[in-house]
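Analysis of the macromolecular model
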Amino acid sequence: MTQRPTRTGELLSIDGLKTHFYTQDGVVKAVDGVSFGIRNGETLGVVGESGCGKSITALSVMRLIERPGRIVAGSIRLADRDLLALSDEEMRDVRGNAISMIFQEPMTSLNPVYPCGDQIAEAISLHEGIHRREAGDRAIEMLSQVGIPDAKRRAREYPHQLSGGMRQRVMIAMALSTNPELLIADEPTTALDVTIQAQILELMKALRERNRMAIMLITHDLGVIAEMADDVVVMYSGKVVESSDVNTVFEQPHHPYTKGLLASIPRLGEKRHRLEVIQGVVPNPLNLPKGCLFKRRCPSAMPVCDTPPPLQEIQPGHLSRCWLTPAGEPPEIGADAEAETAVAAAAALTVEA
Amino acid sequence: MARYVVRRLIQAIPIIVGISIIAFFIVYSAPGDPFDRFRSNKVSPEVIANLRRVYGLDQPLPIQFVKWFTAFWSFPFDNTAWGFSITDGLPVRDKIFERIPSTLQLMGTSLILTIIIAIPVGILGAVKQYSIADKVIAVITTIGYALPTFWLGIILRQIFAQQLDLFPLFGKYTFGKEGDILDLLWHLALPAMTITIVGVAGWSRYMRASMLEVLRADYIRTAKAKGLASSRVIFKHALRNALIPIVTLLGLTIPTLLAGAAITEAVFSWPGLGYLGVSAVTERDYPVVLAFAMIGGAMVIIGNLLADILYAVVDPRIKY
Ligand SMILES: Nc1ncnc2c1ncn2[C@@H]1O[C@H](COP(=O)(O)OP(=O)(O)OP(=O)(O)O)[C@@H](O)[C@H]1O
Ligand SMILES: [Mg+2]
């Protein structure tokens, strides 16, 4: 496996990560050779359809993959630490401390039988080694920082007494209470209604400025990406298919899948009678097609797509897993023999095999 | 909460009346009567007719019912309120009250042992799902669950009382040692073990299932993501949630404990309520059977109420 281009100042570096699930029906390659990095203070958006492996990537970083899943290859580094080499105890010290995570489902992510304040204080006293009482005061302070009015009273309330938006604020307060270097937010606003979504995003932006932390923001909402992210990684069927900075991805998308995603966002003031959607469904993870995983749904599919395309750098910092030329043209191949040479040539250019 | 309990108790009144009507008419409309067994050439029909008159069985059923039902409720003050036993002529109330402590001792001990053993076993099975330990537990508990109580009781008695002579064969006290607590515990060991083995088999399965479900919950992932040690995730975050259905189920099964004890009490001649109830049914001792039906009904109502109260105690989402 060749390395992806190294960048300086990366806080989180994921290289060639493979997380597979050994189910009764076969091996599900939920994450299959994913590489990307996040620099200090940067927000990386991870997008892709449901089931493409976003959450599993995040849980792999936290080392919270449950059986029958297993991280089978790759490396995950946080600054100078190799997370996959840490002992369980060392890893527990990273979780909730250097890396915090907030989840998609605010309604079920808090323990129903303990007051919200206690659940935040638990993380604080664990990692800061301070006394319960003091941690309780800090928890109240965190709750007011995330914009919960009457924090003192709310801290004593149980999760069922709070609305979804309030609960997600509690989750954010919990995640930020230990000043993490990296926050992983797995679809933090998907379960919330639109006005609350906007409030939560504003809150995350404000806290990002204040805490100077890096964020891995998982979403399938490109609007959220446009608003929050510096860099974008597009995933499809367990692999990265395109990655670049946010402007490039929005203005010069290369991979047909990314183009499809962009075409499916409704735009204000544009007269289109129908939204374009990507035809077809994600391939069955137990029965992946040969060659390019997207070819069956791809409007630009061509014979060469029966060979899996490598992730190649089409411009500096812009990677795409597609046979199209950097200009977006089909590669000039006639005969099969020529295709072989093209494959070989491309492999030489490959950033990741 | 107090208002809720009072309201539930008031709602229980029509239920108790209904239970008493149904129980009474079922018992008395069953063919035959308690004196059938006296019928032979040696007993003249006049004697039997006389007995029937003494016990009021010659009157029309509705009248018998009203008499029985109105007298029934004076039991706190009147030991004849529940009538007289047909087998020995003693007041039914005294016969029953005298046996309550024995049953409570046996059931209480077994229940406590069951909980103390079943909950950790269930947790272990869930946390180490599919491990060797889990499989061994599954095999043992399935066997325990499938064993008939009476058979298990007889086998335990055979091995530990008859062959090894470690425990007494039957009864509650050695003759002449009544009131000796050590002697009581010695006699209690085998019957309590019988009920506990059967109880652990069932309750550890429930506990395992409940724990497995909770361990899959999102908030458990949140707790792990905080960096908590797995012991804290299990015993603080998962356990309390897993106990919610268990505690409720426990309240609901309290009435069945009475029935479950009957067989064990019979095997070990333990002088408890269940043993009395079983013999009353076989001897058609109507007044005793009816008193049991009423106690059973009351226990179902109390058990349900207890389940609801416990539910509110363990789950902050429930408020009355
Ligand atoms: N326990 C498991 N056993 C088998 N397969 C699993 C398991 N957990 C996840 N997967 C598979 O891993 C793949 C990726 O799942 P993941 O949760 O990462 O998707 P996602 O991109 O987060 O989707 P969503 O947008 O719906 O959250 C899916 O195809 C799923 O079927
Ligand atoms: Mg997900």
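Residues numbered from 1 in each chain as written. Chains lettered and ligands numbered in written order. Predicted model: local features only at pLDDT ≥ 70, side-chain atom pairs only at ≥ 80, totals over all residues. Heavy atoms only, no water.

Moving on to the packing of helix H4 (residues 92-127) of chain B against helix H10 (residues 273-282) of chain B. Residues and elements named next belong to chain B. It is at 8 Å that the axes of H4 and H10 come closest, and there the two elements cross at 135°. As judged from the angle between their axes, H4 and H10 are oblique. Contacts from Lys95, Ile96, Arg99, Ile100 and Thr103 in H4 reach Leu273, Gly274, Tyr275 and Leu276 in H10. Counted by class, the contact of H4 with H10 contains five nonpolar, two polar and two charged residues. (Axes fitted to C-alpha atoms, helices over the stretch in contact; angles between N-to-C directions. Helix = DSSP H or I, 4+ residues; strand = E, 2+ residues; numbered from the N terminus. Parallel < 35°, antiparallel > 145°, perpendicular 65-115°, else oblique. Contact = heavy atoms within 4.5 Å. Nonpolar A, V, L, I, M, F, W, Y, C, P; charged D, E, K, R; others polar.)

So, about the packing of aromatic side chains. Residue and element names in this part refer to chain B. In this structure the tally under the stated criterion is 21 aromatic pairs over all chains. Ring plane angle 65° and centroid distance 6.1 Å describe the contact between Phe72 and Phe75, whose orientation is recorded as edge-to-face. The buried category is assigned to Phe72, whose relative accessible area is 3%. What makes Phe75 partly exposed here is its relative accessible area of 23%. For the pair Phe75 and Trp82, a centre-to-centre distance of 5.0 Å together with 45° between the ring planes defines the contact as tilted. The buried category is assigned to Trp82, whose relative accessible area is 5%. (Phe/Tyr/Trp six-rings, centres within 6.5 Å; stacked < 30°, edge-to-face > 60°. Buried < 20%, exposed > 50% of the residue type's maximum accessible area, 1.4 Å probe, protein only.)

We now examine the site of ligand 1. Residues and elements named next belong to chain A. Residues in contact with ligand 1 amount to 16 residues; listed here are only the nearest, Ser50, Gly51, Lys54, Ser55 and Ile56. At 3.3 Å from an oxygen atom of ligand 1 is found a main-chain nitrogen or oxygen belonging to Cys52. One of the side-chain nitrogen or oxygen atoms of Glu187 is found 3.0 Å away from an oxygen atom of ligand 1. Taking 640 Å² as the accessible area of ligand 1 by itself, protein coverage stands at 69%. Looking at the shell around ligand 1, the elements that each hand over two or more residues are strand E1 (10-23), strand E2 (26-39) and helix H1 (54-61). Its residues assigned to classes, the shell around ligand 1 shows six nonpolar, seven polar and three charged. (Near = heavy atom within 4 Å. Polar contact = N/O pair within 3.5 Å; in protein donor to acceptor, adjacent residues only side chain to side chain. Areas by Shrake-Rupley, 256 points an atom, 1.4 Å probe, with all protein chains shown as cover.)

Turning to the side chain of Arg208 of chain A, a few remarks are in order. Residues and elements named next belong to chain A. Examined against the element boundaries, Arg208 turns out to sit in helix H7 (residues 194-211). The buried category is assigned to Arg208, whose relative accessible area is 13%. Setting aside its immediate chain neighbours within four residues, Arg208 contacts Thr43, Met213, Ile215 and Met228.

Moving on, we come to the interface of chain A and chain B. Each side of the interface is counted separately: chain A has 27 residues, and chain B has 21 residues. Of the roughly 2200 Å² buried between chain A and chain B on both sides combined, carbon and sulfur atoms contribute 56%. Of all residues in chain A, Val113, Tyr114 and Glu122 of chain A give up the largest surface area on contact with chain B, accounting jointly for 26% of the area buried on that side. One can count four salt bridges joining chain A with chain B. Its salt-bridge partner being Glu122 of chain A, residue Lys236 of chain B comes within 3.6 Å of it at the nearest N-O pair. At the junction of chain A with chain B, the criterion picks out 14 residue pairs in polar contact (both at pLDDT 80 or more). Counting residues per element, the ones that place at least two in the side of chain A that touches chain B are helix H3 (116-128) and helix H6 (164-176) of chain A. For the side of chain A that touches chain B, the element with the highest residue contribution is H3 of chain A, accounting for five residues. Along the lines of polarity and charge, the residues of the side of chain A that touches chain B split into 13 nonpolar, seven polar and seven charged. (Buried area = accessible area lost by both parts, 1.4 Å probe. Salt bridge = Lys/Arg side-chain N within 4 Å of Asp/Glu carboxyl O.)

This part takes up the domain arrangement of chain B. Residues and elements named next belong to chain B. Each domain of chain B was delimited in the assignment, giving domain 1 (2-72) and domain 2 (96-314). Distance between the C-alpha centres of domain 1 and domain 2: 33 Å. At the interface, 21 residues of domain 1 touch 15 residues of domain 2. Across the domain 1/domain 2 interface, buried area totals approximately 1600 Å², and carbon plus sulfur atoms make up 79% of it. The largest contributions to the domain 1 side of the interface with domain 2 come from Arg8, Val27 and Pro34, which together make up 27% of the buried area. Seen at the junction of domain 1 and domain 2, the total is one salt bridge. A salt bridge links Asp308 to Arg8; its shortest N-O distance comes to 2.4 Å. Ranked by residues supplied to the side of domain 1 that touches domain 2, first place goes to helix H1 (residues 2-29) with 13 residues. Of the residues assigned to the side of domain 1 that touches domain 2, the class counts are 16 nonpolar, two polar and three charged. (Domains from an automatic or database assignment.)

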